[in-house]
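Given next are the chains, with one letter for each unit.
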Amino acid sequence: MNDWPDRRNDAPEERYGRGSTGTEPEGARAMPHVRRPAPPRQVPPQQYRPPQDYDAPGPSDGRGPSDGYNTGQVYGHGSGGGAGGPGARAAAPDWRKRIKIGAIALVATALVVSVSTYFWADSKMRREVDLNKVADRPAAGSGTNYLIVGSDSREGLSDQDKKDLHTGSADGKRTDSMMILHTGDNGTTMLSLPRDSYVTIPAFTGATSGKQYAQSTHKLNRAYSDGGAELLVRTIEYNTGLRIDHYAEIGFGGFRNLVDALGGVDMCLDKPVKDRDSGADFKAGCQTLNGAQSLAFVRQRHQEADQDLGRMRNQQKFLNTLAKQAASPSTVLNPFRLYPVIGSGLDTLVVDKDMGLWDLASMFWAMKGVTGGDGQQLTVPIGNPNLPTRSDGEAVAWDKVKAKQLFDQLKKDEKVTAVAPK
């Protein structure tokens, strides 16, 4: 009887199922549940390749998709470097390129703002005076002539404003000041024309009535009262021989608003100023005048020994200072001040139809230049400041010889030598 279990016999080769000649170790045959370790796979050396997509085909060794371990791929951000492989560093930012892009963006923004500001300001200009309607104009000379007019227009003023500003409520409009600003190769000349100048007013047709008016002799501001800006320009051209290239006019309300938008104008007074009619009441010394105070200052004349002539000197001084502050970096580079100044000025500034923003800017820069010494301030030469007249009271008579010499020099853009008292 055989004592061995089924399928086993006494044959040596069947004692453990496969015989003693098998290739497996005896211990492994005795313990079939223990898996033998796989022999190490020999991976041929290969060059580093950048990381691949997990789904990309593996090396062409027939083993299928790459498992990432034989490609040099690194997971995470260990001490061996980033995706660039062991020891690799992130690329440094290209600061030169960034600065270039930033500069381009800054220039583009500035350009957009400048263009937008230009069209906004241009749309606000009140081009209401047509110089093409002026008859019998003299030939154009050298340089550019601006006629700057301060009128006593109460446009935009409430009853309380008129009371506060001491303007009264007179109907119509009259000129309060008139200046010819000449610019050319020989600098800038600011020439004041007294409103009481006794001049010839050419024949004209009433704009509203259509009535014909013969040539007459009256005070200069009568021309503005009778025929507005166009007749005023014609009268000045007739009496000076100078062709007016551009016209600019501002009224009481506009003047006050412009000064207030600018934050006031700094004035230094040699002596106290007090005038009941204009409301001026200032101490001597340097001080900042607001809009209402500035209007009172440029209108006062009773304290001046020569009345209107003294007032014109104050007006010239004030306008030069105002132009200097309006063109200063603290105004031009500050949008919170610049835009209110532009808006206030253009809302009430009446100009001719051919006046552009560049022309207006040139006018202000020329006024600023006079303050800086690039030019001179004059009054038309006076022959008699208290000329009795039949219907206009006392008027101002020009010195015709000196005045003609001055006008000829301006027309030819020559150096002015016919200097009148300031």
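Just above sits the structure.
Residues numbered from 1 in each chain as written. Predicted model: local features only at pLDDT ≥ 70, side-chain atom pairs only at ≥ 80, totals over all residues. Heavy atoms only, no water.

*Asks:* For this particular structure, what's the right way to read the packing of helix α5 (residues 252-262) against helix α9 (residues 335-348)?
*Replies:* The geometry of a pair of packed helices is captured by two quantities: the angle between their axes and the separation between those axes. At their nearest, the axes of α5 and α9 sit 8 Å apart, and the two run at 175° to each other. Considering their axes alone, α5 and α9 lie roughly antiparallel with respect to each other. Residues Gly254, Asn257, Leu258, Ala261 and Leu262 of α5 form the contact with α9, whose own contacting residues are Arg337, Pro340, Val341, Ser344, Gly345 and Thr348. The residue makeup of the contact of α5 with α9, split by class, is five nonpolar, five polar and one charged. (Axes fitted to C-alpha atoms, helices over the stretch in contact; angles between N-to-C directions. Helix = DSSP H or I, 4+ residues; strand = E, 2+ residues; numbered from the N terminus. Parallel < 35°, antiparallel > 145°, perpendicular 65-115°, else oblique. Contact = heavy atoms within 4.5 Å. Nonpolar A, V, L, I, M, F, W, Y, C, P; charged D, E, K, R; others polar.)

*Asks:* Looking at this structure, I do not really get unusual backbone geometry. What am I missing?
*Replies:* Negative phi characterises most residues that are not glycine, and trans characterises most peptide bonds. If you check the backbone angles, Asp136 has positive phi at about 50° while not being a glycine. Mapped onto the elements of the fold, Asp136 is located in the loop between β1 (126-129) and β2 (144-151). Given the relative accessible area of 67%, Asp136 is considered exposed. For Asp413, which is not glycine, the phi torsion reads 55° and is therefore positive. (Buried < 20%, exposed > 50% of the residue type's maximum accessible area, 1.4 Å probe, protein only.)

*Asks:* Help me understand the side chain of Glu249, please; the structure alone is not making it clear to me.
*Replies:* Within the secondary structure, Glu249 sits in strand β9 (residues 246-250). Within the local environment of Glu249, its side chain forms a polar contact with the side chain of Tyr247, the two groups lying 2.7 Å apart. (Polar contact = N/O pair within 3.5 Å; in protein donor to acceptor, adjacent residues only side chain to side chain.)

*Asks:* Before we go on, may I ask you to explain the packing of aromatic side chains in this structure?
*Replies:* Here a ring pair, both rings aromatic, is described through the centre-centre distance and the interplanar angle of the planes. This structure, assessed with the given rule, holds five aromatic pairs. Pairing Phe255 with Phe318 gives two aromatic rings, centres 5.4 Å apart and planes at 40°, and the pair type is tilted. Taken together, the positions of Phe255 in helix α5 and Phe318 in helix α7 (residues 308-326) put the pair 63 residues apart, joining distant regions of the chain. Judged by relative accessible area, Phe318 falls into the buried class, the value being 0%. Sitting above the plane of the Trp95 ring, Arg98 keeps its charged end 4.9 Å from the centroid. (Phe/Tyr/Trp six-rings, centres within 6.5 Å; stacked < 30°, edge-to-face > 60°. Lys NZ or Arg CZ within 6 Å of the ring centre and 35° of its normal.)

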